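Descriptive analysis of the structure
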Amino acid sequence: MANAMLQQTVGGTLQLLSNSGTHCNVGNRSVRLLPKGFKLEVEFPKRAIYSSGKRKFNVIQPSTSQTSVVGPLLAPSSSDTLDSHMKSNEVALILIRHGESLWNEKNLFTGCVDVPLTNKGVEEAIEAGHRISNIPVDMIYTSSLIRAQMTAMLAMTQHRRKKVPIILHNEDERARAWSKIYSEDTIEQSIPVITSWKLNERMYGELQGLNKQETADKFGHEKVHEWRRSYDIPPPNGESLEMCAQRAVAYFRDNIEPQLLSGKNILISAHGNSLRSIIMYLDKLTSQEVITLELSTGIPMLYIFKEGKFIRRGSPVAPTEAGVYAYTRRLAQYRQKLDDMLT
Ligand SMILES: O=C(O)[C@@H](CO)OP(=O)(O)O
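A quick note: this is a predicted structure, and the numbers were derived from the prediction, not measured. (Residues numbered from 1 in each chain as written. Predicted model: local features only at pLDDT ≥ 70, side-chain atom pairs only at ≥ 80, totals over all residues. Heavy atoms only, no water.)

1. Things to note about the UniProt feature "active site" (unreviewed entry) in the protein
Put simply, the rule is: UniProt positions are given in the numbering used here, feature names are shortened, and annotations may be inferred rather than shown by experiment. We count a stretch as a helix when DSSP gives it H or I for four or more residues in a row; a strand needs E for two or more, and each element gets its number in order from the N terminus. The criterion used for residue contact is that any of the two residues' heavy atoms lie within 4.5 Å. Under this definition, polar contacts are N or O atom pairs within 3.5 Å; protein pairs additionally need one hydrogen-donor-capable and one acceptor-capable atom, and for neighbouring residues in sequence, both atoms have to be side-chain atoms. When accessible area is computed with a 1.4 Å probe and restricted to protein chains, residues below 20% of their type maximum are described as buried, those above 50% as exposed, and intermediate ones as partly exposed.
When the UniProt feature table is mapped onto this chain numbering, "active site" (unreviewed entry) sits at His 98 and Glu 201. Spanning 104 residues, the named residues nonetheless gather at one spot, since no C-alpha pair among them exceeds 10.4 Å. Residue position: His 98 is located in the loop between strand E9 (90-97) and helix H2 (102-105). Filtering out sequence-adjacent residues up to four positions away, His 98 remains in contact with Asn 104, Leu 117, Arg 147, Ala 148, Thr 151, Ala 270, His 271, Thr 297 and Gly 298. Reaching out from His 98, the side chain makes a polar contact with the side chain of Arg 147 at a distance of 3.4 Å. On the secondary structure map, Glu 201 appears in the loop between strand E12 (190-195) and helix H7 (212-219). The exposure class assigned to Glu 201 is buried, which follows from its relative accessible area of 8%. For Glu 201, the contacting residues outside a window of four places in its chain are Gly 111, Cys 112, Leu 145, Arg 147, Glu 239, Arg 247, His 271, Gly 272, Asn 273 and Ser 274.

2. Here's the deal with the nonpolar core
Worth spelling out the cut-off: For the purposes of this section, nonpolar cores are sets of buried Ala, Val, Leu, Ile, Met, Phe, Trp, Tyr and Cys residues that join through side-chain atoms within 4.5 Å.
Core analysis: the largest hydrophobic core is formed by 30 residues, its most contacted members being Leu 93, Leu 95, Tyr 141, Phe 252, Leu 260 and Ile 268. When residues of this core are traced back to their parent elements, those giving at least two are E9, strand E10 (139-142), helix H9 (241-261), strand E13 (266-270), helix H10 (272-282) and strand E14 (300-306). Here this core gets six residues from one element, more than from any other, and that element is H9. Not counting residues within four places of it along the chain, the set of residues in contact with Phe 252 comprises Leu 93, Glu 257, Pro 258, Leu 260, Ile 268, Ile 278, Tyr 281, Leu 282 and Phe 310. Core analysis: the next-biggest nonpolar cluster, separate from the first, contains 17 residues, Met 156, Ile 191, Val 193 and Ile 304 among them.

3. Quick notes on the confidence of the model for the protein
In low-pLDDT segments, the atomic positions of the prediction should not be examined closely. Put simply, the rule is: The predictor rates its confidence in each residue with pLDDT, a number between 0 and 100.
In this model, the protein carries an average pLDDT of 80, and 71% of its residues clear a pLDDT of 70 or more. When the criterion is pLDDT under 50, residues 1-72 qualifies, and its contacts beyond four places in sequence or with other chains add up to 168 contacts. For residues 75-80, every residue scores under 50 in pLDDT, and the model assigns this stretch ten contacts once sequence neighbours within four places are set aside. As scored by the predictor, the complex reaches a pTM of 0.77 and an ipTM of 0.97.

4. As for the sheet that holds strand E15 (residues 309-312)
How we decide: When DSSP finds two or more bridges between two strands, those strands count as paired. Fitted lines through C-alpha atoms give the axes, limited to the stretch in contact for helices. The angle between two N-to-C directions lies from 0 to 180 degrees.
Strand order in the open sheet formed by seven strands is E11-E12-E10-E13-E9-E14-E15, with mixed pairing between adjacent strands. Sheet topology places strand E11 (164-167) and E15 at the edges, where each strand pairs with a single neighbour. Ignoring which end each strand starts from, the neighbouring axes of this sheet average 25° apart. Note that E10 and E12 share three bridges and pair parallel. Across the sheet, Tyr 141 pairs through a bridge with Ile 194, a residue of E12. Set on the sheet, H10 makes contact with E9, E13, E14 and E15; between it and E9 the angle comes to about 150°.

5. A short note on the site of the ligand
For clarity, the cut-off: Near is defined per residue: the residue qualifies when any heavy atom it owns lies within 4 Å of the molecule or strand. A 1.4 Å probe and the Shrake-Rupley method give the accessible areas. Residues count as covered only by the protein chains that appear here. Each residue gets one label: Ala, Val, Leu, Ile, Met, Phe, Trp, Tyr, Cys and Pro are nonpolar, Asp, Glu, Lys and Arg are charged, and the others, such as Gly, are polar.
Residues in close proximity to the ligand include Arg 97, Asn 104, Leu 108, Phe 109, Thr 110, Gly 111, Glu 201, Tyr 204, Lys 212, Arg 228, Arg 229 and Asn 273, which together make up its full environment. In the environment of the ligand, an oxygen atom lies 3.3 Å from a nitrogen or oxygen atom belonging to the side chain of Asn 104. In this structure, an oxygen atom belonging to the ligand sits 2.5 Å away from a side-chain N or O atom of Tyr 204. About the coverage of the ligand: the protein hides 94% of its 310 Å² of free accessible area. Broken down by class, the residue content of the shell around the ligand amounts to three nonpolar, four polar and five charged.

6. Quick notes on the packing of helix H3 (residues 119-131) against helix H4 (residues 146-156)
Formally: For classification purposes, an angle smaller than 35 degrees is called roughly parallel, one larger than 145 roughly antiparallel, one from 65 to 115 roughly perpendicular, and anything else oblique. Two helices crossing with the near one rotated counterclockwise from the far one by less than a right angle form a left-handed crossing, whereas a clockwise rotation gives a right-handed crossing.
Packing of H3 against H4 leaves a shortest axis separation of 7 Å and a crossing angle of 50°. With respect to H4, the element H3 is oriented oblique. The handedness of the crossing between H3 and H4 is right-handed. Contacts between H3 and H4 involve Val 122, Ala 125, Ile 126 and Gly 129 from the former and Met 150, Thr 151, Leu 154 and Ala 155 from the latter. For the contact of H3 with H4, a count of residues per class yields six nonpolar, two polar and no charged.

7. Regarding unusual backbone geometry
In this model, Lys 162 sits at a positive phi of 60°, which is unusual for a non-glycine residue. In this structure, Lys 162 sits in the loop between H4 and E11.

8. Some points on the side chain of Ser 262
Tracing the backbone shows Ser 262 in the loop between H9 and E13. The class of Ser 262 is buried, set by a relative accessible area of 2%. From its side chain, Ser 262 meets the backbone oxygen of Gln 259 in a polar contact 2.9 Å long.

Structure representation (structure tokens):
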């Protein structure tokens, strides 16, 4: 049915079954639907109108009040008590800037050039994994660049829950079909990894591949500092931080925030400037404040998302730093369950 609309007057859940990956409006929110076969369940308020735009949807009976997005690799596990125990309106959001890359080491402007990690970067990613090894992770988002993907994968080798991160290939129907998993048990022991270029490093234009020191010597430190750290001045033919923020924050709001709202604990592995943009949004920084924000490679930052608010919790150090588990009762309970399960 085109332009399907449903008016609902009681609390509950609206389910939309996607016939093709698209957007729909839920109340005043635009929600991205996952590709064909994925279901989107949206908790809806007392009274709202739902429209599917031009795309065709089957509207299924409203069901329970739990909000979640489910699909072949995203379905919550009913038998998995550890993870279902953590389902709550209070979830963890972890941000990690990738470990040192070969061009960080050479001091070259990198931007969207796809450069792998150095040995030091590999070690940083593993150390980041130690720090978050007791924090629940249900979904992972990375940029499309290998340094962010290596960082996420290496970090997850350290996680005590030992679920397997699996990259979803949704680029076309066949890529999706050929990567299908046929065991429910295996799906339960997997973490979906969603990649998007919108989380990529800011595109550095004609500075990409140039040495930072030599560029400063040639154009002057002030000019290069302006290109690197102003908010709205782009480098030649590249993106300003503001332009990077437009696509990275839109992606976060449209794709990641609905998953947090649905109770998923999320890890994002991305880049200095795409993460500065997202932190600007999370911490409500002004354009003046964000230009002084610097992120180190390979240091995870933990946020708790609770009652629609992001609460910054710094960088956890596990397993020795007990303090992090005092942040929330849920995290402490999760860690206790891991201890019980693994001893
Ligand atoms: O070269 C880049 O892509 C970025 C991050 O390493 O540099 P900058 O420190 O200028 O943001």
